[in-house]
Each structure stands twice: as structure tokens, then as C-alpha cells.
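These are the residues of each chain, in order.
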Amino acid sequence: MYTLLLIVLHTALCCAAPDSHQENIETLMDNVLVLRVPHDLGTRVYVPLTCGESYQNVPVFWKKNGMDLNPALQGNQVRILVEEMDGGNYTCHLATDGKYLNHTVILIQLDPDNRTVILEKKSPEDGYIHCSAQNYKGPFHCTWTKTQSRSNAAVLMVKAERNFENIPCEVDADGLGLRCQYTNCPYKEEQHRISITIYIHSYSRLEVYTKAFYLRNIVTPAQLTDLRISDGKVFSWNYPDSWEKPCSFFGLQFQVKVVPNGHSCNSEEYIMYNTTDETKYKVNVRAKRYVFCVRAQDRHTSGPWSHWSQCIVNKHSVTC
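These notes cover the structure that comes with them. None of the values given here were measured: they were computed from a predicted structure. (Residues numbered from 1 in each chain as written. Predicted model: local features only at pLDDT ≥ 70, side-chain atom pairs only at ≥ 80, totals over all residues. Heavy atoms only, no water.)

### A short note on the state of the cysteines
Point 1. Scanning the entire structure with this criterion turns up five disulfides.
Point 2. The disulfide partner of Cys265 is Cys293, and the gap between their sulfur atoms is 2.2 Å. The sign of the -85 degrees torsion about the S-S bond sets the Cys265-Cys293 disulfide as left-handed. Note that Cys265 is positioned in the loop between strand S19 (252–260) and strand S20 (272–276) and Cys293 in strand S22 (residues 290–298), a separation of 28 residues in sequence. Here Cys265 matches Cys293 in class, with each residue buried.
Point 3. Each sulfur in the disulfide pair Cys311 and Cys320 lies 1.8 Å from the other. Classification of the bridge connecting Cys311 and Cys320 rests on its S-S torsion, roughly 110 degrees, and on that basis the disulfide is right-handed.
Point 4. Cys311 sits in the buried class, given a relative accessible area of 0%. (Disulfide = S-S within 2.5 Å. Helix = DSSP H or I, 4+ residues; strand = E, 2+ residues; numbered from the N terminus. Buried < 20%, exposed > 50% of the residue type's maximum accessible area, 1.4 Å probe, protein only.)

### Here's the deal with the sheet that holds strand S13 (residues 169–171)
Point 1. Strand order in the open sheet formed by four strands is S9-S10-S14-S13, and the pairing between neighbours is antiparallel. In this open sheet, the two edge strands, each paired with only one partner strand, are strand S9 (130–132) and S13. For this sheet, the mean inter-axis angle between neighbouring strands, taken without regard to orientation, is 20 degrees.
Point 2. Both strand S10 (residues 140–143) and strand S14 (residues 177–180) contribute to a ladder of four bridges, which runs antiparallel. Bridging across to S14, Cys142 finds its partner in Leu178. (Pairing = 2+ DSSP bridges. Axes fitted to C-alpha atoms, helices over the stretch in contact; angles between N-to-C directions.)

Structure (C-alpha cells):
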């Protein structure tokens, strides 16, 4: 009797399994459903689909990714069996002539969503998304990198907000970045972080990436482009045009470095290394051939450094 009871319970659980994840089906946007499933293999979930209220009494049939289903699926309201990560685009059509009526895309998101395969991790500090801004006025740019195996991935939707205020953003043409036009008062102390959420999918797999930051943590001065030399050893430059004014309030500090001729400014081998608040620096080195490098950083927040600017010094010439 006990054995029979176990068999009955096992059968009941197996029959109920496909419907056990109904609470994990969410409408992400118009015509897009997200099914959250555990990492376990063998997941089978029935997802209810509706062609539309206008087609209640109209004979319709369904296709998956443009292909007829076998066995055929008919009716305005149907249940689709989704196994593991096999989602897709389900379209409903008029039975009489095959005319397209409506569609629903089913995407699969692993729960928990901690096994990412679509984007590469940029660094421990940045995570998967790197954001930067040239000043404190508000506009900022974020970038990411797809893994080689998921180069076909596409951004489905983005959200950006600060303190429940939506921030307008536009995805870059190559799908590898995001430009947001936030308006900020440069003199006001930031109280709330900016948060962005990126929904990106590869085939039926959906991954969600988030990032939160203050502008002061991502403001990066533009590269110093007006570097020049005078009196043979004094290098000078100006604040970037895009930097906040007045410069006395939004002060920068500068990192200067002299590296051997032929080396890049990122070289760990250097002849001289220093930091200054002034926009000029006198070099006192014996070498007649070297590379002078300088970059900028917000003096008050110690945020990200700008890209290096350089002058290549030879015995009889200097190229900046």
C-alpha cells in the first residue's frame, strides 16, 4: 500500500511539473514574455498565449519562428510547451489565408541570472559595463563587449533612472554602447545614484545587466590636446574645452611622466614621474630623447584619469 502511494504521488508531481513555474512568467514589454527557469536541466513549462481579443471567434493557427508546428496548434488561446532554453517567436495566422495577425516572443532567463555568457567582464571595478562622462552637466556614455560565442546578441530594452526619474537613452548603432542625455546641475551635491538596466538577448536566451553609479565616479576629463613646449624643457597645456567652468571650482590635477624614447605612456618603465596642480611642468632629465606624457584627473574626487597626451622629444625636434 505504501509503495502504491509513492507511485501515485510521483505521478502527480510529474504531471504537475510543467505548470509549476507559472509564477515565473512575466510580460517584459509588448509582445515579449520572459520565462524564468532554474539552472536544472529538463525544465518543462507550459506558457499560455493569446492571439488577441479581436480574434476570439476567428479560426487561427500558430507558427514558431516562421515554421508550421507539428502537431498543428489552433485556437485564439493556446498553451505552448517550452522545454529548457527553447523559446522563440510564436505567430498566429488567419486559418483561411494564412494572414499574419499577431505574435509573442518567448525569452528564457536563468534564475538566478548569475551565469552570464553574452557579455565579457571588463574589469573587477567596472563589471560588465563601463560608463564615463566628460563633465558634470549630465550626459554620459556606457559601453560593453560581447563574447565571441554571442556576437549575434542584440539589445532588447534599456532603462535608466535616478531617484525614480527616467533618463532618456539611445543605443549606439553598433549595439555596443548607450548614450544618455541626463541634465544635471554641476554645483549640486549628488544624493542619488544613476541606475541603468540593459536587457540583451542571444536567440532565446535573455540576460539582464545592471549598473549604479554617481556622476562623480565616472567623470573623466577629455584628453589634453593642446600640449606644447617652450624654452626647451617647459611643457604646458590647458584645461579641456569640455571641462566645467570655472576651473578654480572644478579643479584638475595632472600626472606627468617621462618615459624612454620608443615607449608608450602606459609603460611601467619611466625616467621621471610626478603629480602637479599647475598646467605646466619643467623637465630636468639628462636624456636627449624621451617621451613626455601628461593626463588629467578631477582633483577633488580622484575619479578616472584621462587618456595620456604626449610629446616625443628628439635631440633637435619635438613633436606633440
